[in-house]
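Chains, contacts and geometry: an overview
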Amino acid sequence: MPHPATAPDDLDYRHQGSRVHVAEHQRGADATAVGQLATQIPGFLVSLAVVAVFSLIMFGPVLGPVLLLAWLASGALVFHRPTELLFARRVLKLRAPLAEERARLEPIWREVTARAGIEGDTYELMIENSTDLNASAAAGHVVGVTTYALNRIPSSNLAAVLAHELGHHTGGHAWAGLLGYWYSLPGRIAWAVARGFAKAALTVTRVFSSAAAAILYLFLGILLVVGFLEAWYITVPLTAAPYLLAYAGRQGELRADQAAAALGFAPQLTEVLYHFQAEEDAGKAYAAARGKRLKQPSGLAKLLSSHPDNYTRIRALEPYLHRAR
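Figured I'd write up the structure that's included with this text.

What counts as what
Here the residue numbers are simple positions, counted from 1 along each chain's written sequence. In keeping with the model being predicted, local features are shown solely for residues with a pLDDT of at least 70 and side-chain atom pairs are shown and tallied solely at 80 or more, while totals for entire chains, interfaces and linings include all residues. Values reported for side chains reflect all heavy atoms of the structure, with hydrogen atoms and water molecules removed beforehand. Angles shown run from 0 to 180 degrees and are taken between the N-to-C directions of axes, each axis being a line fitted to C-alpha atoms and, for helices, limited to the stretch in contact. We count a stretch as a helix when DSSP gives it H or I for four or more residues in a row; a strand needs E for two or more, and each element gets its number in order from the N terminus. An angle below 35 degrees is treated as roughly parallel, one above 145 as roughly antiparallel, one from 65 to 115 as roughly perpendicular, and anything else as oblique. Contacts are residue-level and defined by heavy atoms, with any inter-residue pair within 4.5 Å sufficient. Whether two aromatic rings pair depends on their centres lying within 6.5 Å, for rings of Phe, Tyr and Trp, where Trp uses its six-membered ring; planes under 30 degrees apart make the pair stacked, over 60 edge-to-face, and the rest tilted. The buried label goes to any residue with under 20% of its type's maximum accessible area, the exposed label to any with over 50%, and the partly exposed label to all in between, with areas taken from a 1.4 Å probe on protein chains only. Each reported salt bridge corresponds to a side-chain nitrogen of Lys or Arg within 4 Å of a carboxyl oxygen of Asp or Glu. Classes in brief: Ala, Val, Leu, Ile, Met, Phe, Trp, Tyr, Cys and Pro nonpolar; Asp, Glu, Lys and Arg charged; the others, Gly included, polar.

Here we look at the packing of helix α2 (residues 41-73) against helix α7 (residues 173-208)
- Between α2 and α7, the shortest axis-to-axis distance is 6 Å and the interhelical angle comes to 80°. It follows that α2 is roughly perpendicular to α7 by the angle criterion. Along its contact with α2, which presents G43, F44, V46, S47, V50, V51, W71, L72 and A73, the element α7 presents W182, Y183, S184, L185, P186, G187 and A190.

Given below as structure tokens:
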């Protein structure tokens, strides 16, 4: 059972009871969302080839194209609310709010969406049982929040967190990310299967002959090089895709922060980010006290991070803090 709500209700509900201006555009696709989709095009083409070949081999020239078309149409499920809710429950482990949780969450959400001019009922509020301060924007309509964030931080800070997630939705980051992942999934599976077969083949050949293993290594190496050079227009973007997607993710976080700040939540969001940094510093201090040193991420690992560091996000919010004073 979640903890009882003990966090102070310090939010200024200035739009409650007044006529709410409804924005002309309720959602869209900003440059970050477009970038996410563009980066996934090579992966989509590989997946398209994989699904086409699999469909024709397994179901023949009659039913094969039907399966291919069904896969192409399946992306629409990202916006199908029952499917989204099933995904949120089964994959993300979210649940519907209890009555007391809804009583605290909905007024805060209404204030956030009213400031943005967004129809709040467009989105489905859900809860994650977690002791972390966190929230999530999933698929086309789901906004999840942890029990810690719901019950342990002031209402104004919770509003800032929800405004950040709303920024992901209105910017199209959530649906673009999930859509790109879905359409690149067959290619990812095919690559994992190919790696598994190659690893098994190398294991078997090493048992019987080192020379055979060396020949197989050479053959696979030549195959990779030839494939890379012959289809460079696919392989080069595929190689760069993880870094480009991570960059798009970092930009998406900054844009969602800006969306929350534009609604007047820059000071509260800054407090939340300092909370994240304090937790990170406490973890480092705890490790140091036990004689351990946490491994620092390498340059490549930083390039693969989907979130900017906390201080980068705080610095990006500073112009909004000056306006609030």
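More follows now that the structure is in view.
Remarks on the packing of aromatic side chains
- Summed over the entire model, instances satisfying the criterion amount to five aromatic pairs.
- Ring centres 6.0 Å apart and planes at 90° place the aromatic pair W109 and Y123 in the edge-to-face group. Of the two residues, W109 is situated in helix α4 (residues 99-116) and Y123 in the loop between α4 and β1 (124-128); the sequence distance between them amounts to 14 residues.
- A relative accessible area of 4% means that W109 is categorised as buried.
- Looking at Y123, the relative accessible area reads 5%, which means it is buried.
- Each member of the aromatic cluster is reached from another via a ring pair, and the members are F44, W71 and Y183.

A few points about the pattern of salt bridges
- Using the criterion set out here, one finds five salt bridges in the structure.
- Between R81 and E124 there is a salt bridge, with its nearest N and O atoms 3.3 Å apart. One end of the pair, R81, is in helix α3 (residues 81-90); the other, E124, is in strand β1, and 43 residues separate them in sequence.
- Taking relative accessible area as the criterion, E124 reaches 25% and is therefore assigned partly exposed.

Let's talk about the packing of helix α1 (residues 31-39) against α7
- Between α1 and α7, whose axes approach to 9 Å, the crossing angle comes to 0°. Classified by the angle between their axes, α1 and α7 sit roughly parallel to one another. Residues T32, A33, Q36 and L37 of α1 touch α7, and the partners they reach there are H173, W175, A176, G177, L179 and G180.
- Counted by class, the contact of α1 with α7 contains five nonpolar, five polar and no charged residues.

Quick look at the side chain of S55
- Turning to its location among the elements, S55 is positioned in helix α2.
- Those residues in contact with S55, other than ones at most four positions away along the chain, are G60, G64, L67 and L68.

Side note on unusual backbone geometry
- Phi is positive for K93, close to 60°, though the residue is something other than glycine.
- Checked against the element boundaries, K93 lands in the loop between α3 and α4.
- Located in the positive-phi region is A139, a residue other than glycine, with phi close to 50°.
- Along the chain, A139 turns up in the loop between β2 (135-138) and β3 (142-146).

Everything listed here is a matter of coordinates, which is why it stays silent on function.
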